[in-house]
Amino acid sequence: MSEGTMQRRAQREQPERAKRLTRVLVCAAAVPVMLVATGCSSDSGSDDGGGDKAASASASASPSPTVQAAAYRTLPEACRALSKKTLEDLAPKAKSGKEGSSDDVASRASCSWSSLDNNGVKGSQFRWLNVSLLRFESDTTRGPGDELAQEYYDKQVREVRATPGAKGLNAQAVAGTGDEATAVRYDLKKKEGTFKQQTVVVRVENVVVTLDYNGAGLAGDKTPDAAALLADAKKAAKEAVLSVTRANGPAAASGSPSAPASGRPSAPASEAPSASASGTS
C-alpha cells in the first residue's frame, strides 16, 4: 500500500473515532446525573408520603379521653326530700321548710326546718333539721362523678369531726344507707343551753347527702335524748337518699340505694366529717 493511500485512510478513520469518543463521554456523564436524580426522588418520596402517613396514623391511634357518665343527673326538690310524717316527727312545730339559695338546683340544693315547742314556764323544746344535697358530674379532667363525690364525702366527715367546741364527739359507720355513710354526734354548749347535734353524711353514687339534726331543752326544759335524736337522723338520711334515686327515674329507683355500688365500706369512725351545728335560731 502506497504512502498516499495510507494517509487518506487515516484521515477517513479519524472523524469516526472522534464521534465514538464523544458518544462514550456523553453517556458516562449522564450516568451520575441519573443516579443523583434517582436518589433525590427516593428521599423526597420518603419525606412527603411516609412522614405524613406516619403522623396521620399516630394521630388516629390516640383516642380522645373519655370518662364514665355519672349515675344520677339531677336532684330532688330539697324541701320535699323528706316525707310529711318524718317532718312531723323531727320538727313538729315547723310551718314550712326554708329553701337554700342555689344557682343550679340540679347540682346543689338544701332545705331547713326550725321547730320551737313552747311549754310556757316549763321551758321549750327546740329542733333544727337541715338537708343538703350535692351532685357531682363526671369530667374528663377531674374524673368520674362518683369518685369526686367520694372525695367530698371524706372531706365532709373530716370537717364535722373538727367542729369547734364539740364535746363528747362520737363517729360511727351507718349500715344500709347509700354506698357509704357516717354519723357524727356531739354536744355543743351555747348561751341558750346544750344542743345535741347529729350529722349523717351519705354518699350514693355521685351524690352526697348531709343531714343535720339538733335539739335542745331551753328555758329549763329537759335536754333531749341524744340516742333518740340520732335514730331519727339516720332514718331521715336514709329517706333523703331514697328521694335522690327516685328523682332520677324508675331505673335508678328500682336499684337498692342501700346496696354499695362501689364495694367500699362505710367510713370508719376514725375517719368521720362535719357540717356545722348552726340552726339555733
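Here, every reference points to the structure presented above.
Reference entry: report on the structure contained in this document. (Residues numbered from 1 in each chain as written. Predicted model: local features only at pLDDT ≥ 70, side-chain atom pairs only at ≥ 80, totals over all residues. Heavy atoms only, no water.)

Our focus in this paragraph is the sheet that holds strand E7 (residues 207-218). Pairing is antiparallel in the open sheet, where seven strands are placed in the order E1-E2-E3-E7-E6-E5-E4. Here the strands that pair on one side only, and so sit at the sheet edges, are strand E1 (98-99) and strand E4 (167-173). As paired elements, strand E3 (residues 124-135) and E7 share 12 bridges and run antiparallel to each other. The residue bridging Ser-132 from the neighbouring strand is Thr-210, located in E7. In this fold helix H3 (residues 145-161) packs onto E3, E4, strand E5 (180-190), strand E6 (193-204) and E7, with an angle of close to 165° to the strand it touches most, E6. (Pairing = 2+ DSSP bridges. Helix = DSSP H or I, 4+ residues; strand = E, 2+ residues; numbered from the N terminus. Contact = heavy atoms within 4.5 Å. Axes fitted to C-alpha atoms, helices over the stretch in contact; angles between N-to-C directions.)

Turning to the pattern of salt bridges, a few remarks are in order. Tallying each qualifying case throughout the model produces six salt bridges. Put simply, Glu-137 and Arg-135 hold a salt bridge, and the shortest N to O gap is 2.9 Å. Residue classification places Arg-135 among the buried residues on the basis of a relative accessible area of 10%. Residues joined in a network through salt bridges with shared partners are Asp-179, Glu-180 and Arg-203. (Salt bridge = Lys/Arg side-chain N within 4 Å of Asp/Glu carboxyl O. Buried < 20%, exposed > 50% of the residue type's maximum accessible area, 1.4 Å probe, protein only.)

In a regular helix each residue adds 1.5 Å, so 17 residues correspond to 24 Å; H3 covers 25 Å between its end C-alpha atoms and thus fits that length. Restricting attention to buried positions, one finds in H3 the residues Gly-145, Leu-148, Ala-149, Gln-150, Tyr-153, Asp-154, Gln-156, Val-157 and Val-160. Buried positions along H3 lie against E4, E5, E6 and E7. (Expected span 1.5 Å × (residues − 1).)

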